[in-house]
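# Summary of structural features
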Amino acid sequence: MIDIAQGTAKSNSTASIADVGRAAKARRIDGGGGESGIEEDDSHSEEDEPLLSDDDGELSDEDDFSDEEEFSDTEELSDVEEGGEALCDESLRLIKCNDPSVTSLTVERFPNHINGYEAGDCIGDSTCLKKLTVKGGSMDWSNSSPSAWLSEFCKGISPNTSIEQLTLKEVVLSDVYIASPYVHSPIGKLSPFIKSHINLRSLEMVSCEIGPDSFRVLLSALSQRGNKNSLQRIILDAIGINDDAGKDLIEALEGYKNLEELSLGDNEIGMRSCGALQKLLSTTKLTKLNLENNCIDDYAISELTDVLDGNTTLKELNLSLNCDITQSGWRMFASCLMNNDSSIDKLDLASTNISDEGAAALGTALASNTTLKALSLYDINSNGTPLITGAGWQPFFRCLHNKESALAEIDLRYNSIPEEALPALANALTNNSNLKVLDLSHNTQVSAAGWRSFFSGMVKFALEKLHLADNNITNEVMSDLAHVLASNETLKTLGLCENVDLITNMGWSHFAHLLCDKSSIGSIYGSNHTLQCMDHQNVPSDLD
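In this text the structure is predicted, and so the values were computed from the model without any measurement.

Parameters at a glance
Each chain carries its own residue numbering, running from 1 in the direction its sequence is written. This being a predicted model, a pLDDT of at least 70 is required before a residue's local features are given, and a value of 80 or more before pairs of side-chain atoms are given or counted; all residues contribute to the totals for chains, interfaces and linings. Side-chain measures here rest on the full set of heavy atoms in the structure, leaving out hydrogens and waters. Numbering of helices and strands runs from the N terminus; a helix is a DSSP stretch of H or I covering at least four residues, while a strand is a stretch of E covering at least two. In what follows, residue pairs with any heavy atoms lying within 4.5 Å of each other are defined as contacts. Methods summary: accessible areas were calculated by the Shrake-Rupley approach with a probe of 1.4 Å, and residue burial reflects only the protein chains presented. Among the buried residues, those of types Ala, Val, Leu, Ile, Met, Phe, Trp, Tyr and Cys that are joined through side-chain atoms within 4.5 Å form a nonpolar core. Any residue under 20% of the maximum accessible area for its type is buried, any over 50% is exposed, and the rest in between are partly exposed; the area is computed with a 1.4 Å probe on protein chains only. Two strands make a pair as long as DSSP finds a minimum of two bridges between them. Orienting the strands away from the viewer, one traces the path from the first strand over the helix to the second; a clockwise path indicates a right-handed crossover. The term salt bridge refers to a pairing of a side-chain nitrogen on Lys or Arg with a carboxyl oxygen on Asp or Glu at a separation within 4 Å. As a per-residue measure, pLDDT reflects the predictor's confidence and takes values from 0 up to 100. By definition, the arc is the one covered by directions from the helix axis to the C-beta atoms. Axis definition: a line fitted to C-alpha atoms, limited for helices to the stretch in contact. Angles are taken between N-to-C directions and run from 0 to 180 degrees. Here the angle decides the label: under 35 degrees means roughly parallel, over 145 means roughly antiparallel, 65 to 115 means roughly perpendicular, and every other value means oblique. Lys, Arg, Asp and Glu make up the charged group, whereas Ala, Val, Leu, Ile, Met, Phe, Trp, Tyr, Cys and Pro make up the nonpolar group; the residues left over, Gly among them, are polar.

Turning next to the overall build of the chain. Along the backbone of the chain there are 16 helices and 20 strands. Counting only contacts in the chain whose residues sit at least 6 apart along the sequence, the fraction spanning at least 24 positions is 82%. For the chain, the accessible area works out to roughly 21600 Å², and carbon and sulfur atoms hold 47% of it.

The structure is reproduced here in structure tokens:
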């Protein structure tokens, strides 16, 4: 790759670019967890990112894609958050020379001294480039210059046949009507590339302005694509797709038999689009479907439930931030999880309006479900008011008594779970041998006494990772927790962040004794040797 600062060539590295992310993943607002409500700022740590677990024991978001530099037929496609080379004179020189070290390129802040068509033409002739990312960011799109540059660039790349992953973020792809000059839609210039590129495996457009006319051009290109078998991943998040357009898009994809992932987050998908999924799921290999933050209501969830009933291919479903679904809709949806043929193993229902009735229905469904492995019920609140009370949590927690359950990870952060529900959870954990990761962080309504009662009720448990950030964990709670862990042989990670002012050296001393009781050789041997990571800002050095 190119080191821009030094202007020297390096092989097969990846350069950082500004973090864009999807709109909904940066926005967990208007449903915050009481005093700890989610804001669109930097107040949350990495631990606050939803589902699933990573190697460090923190819960992270749901994308399981590889970060590796290059593709092979066996590699998974990745969300492009780092785009390799940045566009500059040196990178263009290497691409023009077809240098095999340049396999990915990021085009950002379109350089005025580099002609759009010239840059695109270099890429069009490349046989080594695998990943191309185009980012608009904070550029001024009110004049024609960025659109004209991008339009010419898209025209130039059309002959390329080596690119496997194309990503467009925060750019204007629609026609730009300015007195002088008129700029043709960049998507129109990109259309030949989409139609004819034989090796394209991933197409991603995120937070782009496309407009209805240009969207029809995109649909036409997808419908007329020659090699529909190569595309495995289509991400069209936050580009203004309404329900009718969504239906047309889904119908246009029915011939893409190798399609594995479809993401339509942050759009206006509704009943018609959900109904159209029936044929798509039966004619493709679709395993990941993202419908977060759309216009899904009871009518739409009814259509989706019918689609999922009996489906045996879909593995991951994201319905987070769909707040128009009522308890009646959640009851309908829960019924498809009771089906023995259900194949969903990862379900994200974060920031929805599930209340007691919906939670009880989900608990009943999951009591017989044998496939779901990961569930997010992150931030189930309405303007800071908890939606699920003890009357909803208690029947929900009964699903953990299902000995055939595959449920291994649950995210319950920012739910203000009441103290009266914790005994039911403690009892369920005592009788569950499958749940490995549980995040109860930011449930601040539970007092220290409530947590002490919770841990005293946990005779045994199979958890490997337990997160308790910002939870009134005091020295006394630490003492009870250490007592529980004295005989535990499963817990490897314990998250205690944001309990800084509540845990003193006295609290940590209980864990020092737990981890290494120096009173005798036998006591040292019998100490807890399983716990490996304690996530807290002020862990004493002798415990770190």
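This brings us to the nonpolar core. Among the nonpolar cores identified, the biggest contains 136 residues, and Leu-132, Met-205, Phe-333 and Leu-494 are the most heavily contacted of them. Among the elements that make up this core, the one with the highest residue count is helix H14 (residues 475-485) (six residues). What Leu-494 contacts, discounting residues up to four positions off in sequence, is Leu-466, Leu-468, Leu-481, Leu-485, Phe-511, Leu-531, Cys-533, Met-534 and Asp-535.

This brings us to the pairing of strand S5 (residues 131-135). Of all five residues that make up S5, five are buried, and the element is covered over most of its length. Two elements, strand S4 (residues 104-108) and S5, share five bridges in a ladder whose sense is parallel. The partner of Val-107 across the bridge, within S5, is Val-134. For the handedness criterion, the β-α-β arrangement of S4, helix H2 (residues 116-125) and S5 is classed as right-handed.

Applying the stated criterion across every chain, the model contains 14 salt bridges. Residue Arg-93 pairs with Glu-90 through a salt bridge whose shortest N-O separation is 2.7 Å. On the criterion of helical spacing, the pair formed by Arg-93 and Glu-90 is a turn pair, its members being three residues apart in helix H1 (residues 89-96). Taking the relative accessible area as the measure of exposure, Arg-93 reaches 41% and is therefore partly exposed. Each of Lys-130, Glu-164 and Arg-201 takes part in salt bridges that share partners, so that together they form one network.

Moving on, we come to the confidence of the model for the chain. Confidence in the prediction for the chain averages 82 pLDDT; 78% of positions are at 70 or higher. Residue range residues 1-76 is modelled with pLDDT below 50. Its contacts to residues more than four positions away, or to other chains, number 218 contacts. Contacts for the low-pLDDT stretch residues 178-182, under 50 throughout, to residues beyond four places or in other chains number seven contacts.

Moving on, we get to helix H13 (residues 448-456). Turn by turn, an α-helix covers 3.6 residues, leaving residues three or four places apart pointing in a common direction. Among the residues of H13, Gly-450, Trp-451, Phe-454 and Phe-455 are the ones counted as buried. The buried residues of H13 occupy an angular sector of 130 degrees when projected down its axis, which confines them to one face. Exposed and facing more than 90 degrees away from the buried side of H13 are Ala-449 and Ser-456.

The geometry of helix H8 (residues 298-308) relative to helix H9 (residues 327-338) is characterised by a closest axis approach of 9 Å and an angle of 5 degrees between their N-to-C directions. Between H8 and H9, the interaxial angle falls into the category roughly parallel. Note on element contacts: H9 touches H8 through Ser-328, Gly-329, Met-332, Phe-333, Ser-335 and Cys-336, opposite Asp-298, Ile-301, Ser-302, Thr-305 and Leu-308. For the contact of H8 with H9, the residue count by class is five nonpolar, five polar and one charged.

Moving on to the pairing of S4. Within S4, five of the five residues are buried, which leaves it mostly tucked inside the rest of the structure. Burial of S4 is two-sided: the residues Ser-104, Thr-106 and Glu-108 facing one way and the residues Leu-105 and Val-107 facing the other way are all buried.

Attention now goes to the environment of Lys-288. Looking at the secondary structure, you find Lys-288 in strand S10 (residues 288-290). Relative accessible area serves as the criterion here: at 15%, Lys-288 is assigned to the buried category. The spacing of Lys-288 and Thr-313 is 25 residues in sequence and 9.3 Å in space, taken between C-alpha atoms.

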